[in-house]
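Listed below, chain by chain, are the residues.
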Amino acid sequence: MTIVVGFVPTKEGRAALARAVEEATLRRSKLVIINSNRGGRDYDDDTSQAAEAELQRVTDELSVVGLELEVRQLVRGNEPAEDLISVANDTDADLIVIGLRRRTPVGKLILGSNAQRILLDAPCAVLAVKG
């Protein structure tokens, strides 16, 4: 059994990670943490190093939990939804965990393109958590 979680260093990303750790512990599952970035002009060496440092911090914190853990930083030009769905397919995941941020009234109509795409196209169950 595998659980995939989309992680960014925000309160929503941390909430998703915390819940994914709970689920993986409860289900005795492997946890795959995905940090997805499209890359491009705004993704420079400093941004990359900061992301790697944050993922290393998360890995260090979770090493004491005793879970089977895999961390992937993906910079492939894809939207995060594409990366999460792809990894879920590749790992035959049973669950994807994502964090949702608060939306404006207009934003609520579209939910968020990545969240909506994951909810509609995921090959497995999706758990959406609030920050």
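Residues numbered from 1 in each chain as written. Predicted model: local features only at pLDDT ≥ 70, side-chain atom pairs only at ≥ 80, totals over all residues. Heavy atoms only, no water.

### Brief notes about the nonpolar core
Side chains of nonpolar character tend, in soluble globular proteins, to be buried together. In this structure, Ile3, Val5, Leu17, Leu31, Ile33, Leu62 and Val97 are the most contacted members of the largest nonpolar core, which totals 18 residues. Elements supplying a minimum of two residues to this core: strand E1 (2–6), helix H1 (11–27), strand E2 (30–37), helix H2 (45–62) and strand E4 (95–100). No other element matches the six residues that H1 contributes to this core. Non-local contacts of Val97, meaning those with residues more than four positions away in its chain, are made with Ile3, Val4, Val5, Gly6, Ala16, Arg19, Ala20 and Leu127. Ala81, Ala88, Ile96 and Ala115 belong to the second largest nonpolar core, which has 15 residues in total. (Core = buried A, V, L, I, M, F, W, Y, C linked by side-chain atoms within 4.5 Å. Buried < 20%, exposed > 50% of the residue type's maximum accessible area, 1.4 Å probe, protein only. Helix = DSSP H or I, 4+ residues; strand = E, 2+ residues; numbered from the N terminus. Contact = heavy atoms within 4.5 Å.)

### What to know about the sheet that holds strand E3 (residues 69–75)
Read from one edge to the other, the open sheet built from five strands follows the order E3-E2-E1-E4-E5, with strand pairing classed as parallel. If you trace the sheet from one side to the other, it starts and ends with E3 and strand E5 (125–130), each paired once. Strand-to-strand twist across the sheet, computed as the mean angle between neighbouring axes with direction ignored, equals 20°. Examined bridge by bridge, E1 and E4 share three bridges and lie parallel to one another. Bridging from a neighbouring strand, Val5 pairs with Val97 of E4. Against the sheet, H1 engages E1, E2, E4 and E5, with an angle of about 155° to E4. The strands touched by helix H3 (residues 80–91) within the sheet are E1, E2, E3 and E4, with E1 carrying the most contacts at an inclination of about 170°. (Pairing = 2+ DSSP bridges. Axes fitted to C-alpha atoms, helices over the stretch in contact; angles between N-to-C directions.)

### Digging into the environment of Thr25
If you trace the backbone, Thr25 turns up in helix H1. With relative accessibility at 44%, the residue Thr25 sits in the partly exposed group. Put simply, Thr25 and Glu68 are 43 residues apart on the chain and 9.6 Å apart in space, counted from C-alpha to C-alpha. Among residues more than four places away in sequence, those in contact with Thr25 are Val65 and Leu67.

### Brief notes about H3
Along its 12 residues, H3 runs 16 Å from first to last C-alpha, staying within 8% of the 16 Å computed at 1.5 Å per residue. Directly beyond the C-terminal end of H3, a positive phi value near 55° is found at Asp92. (Expected span 1.5 Å × (residues − 1).)

### Quick word on the side chain of Ser36
One can find Ser36 in strand E2. Given the relative accessible area of 13%, Ser36 is considered buried. A polar contact of 2.5 Å, which involves the side chain of Ser36, links it to the side chain of Asp83. Leaving out residues up to four positions away in the same chain, Ser36 has contacts with Leu74, Asn78, Glu79, Pro80 and Asp83. (Polar contact = N/O pair within 3.5 Å; in protein donor to acceptor, adjacent residues only side chain to side chain.)

### Points about the pairing of E4
As judged from the six bridges shared by E4 and E5, these two strands associate in the parallel manner. If you follow Ile98 over to E5, its bridge partner there is Ala128.

### Overview of the environment of Asp83
The residue Asp83 is located in helix H3 in this model. C-alpha separation for the pair Asp83 and Ile34, spaced 49 residues apart in sequence, amounts to 8.0 Å. Contact partners of Asp83, with chain neighbours within four places excluded, come to Ser36, Leu74, Arg76 and Asn78.

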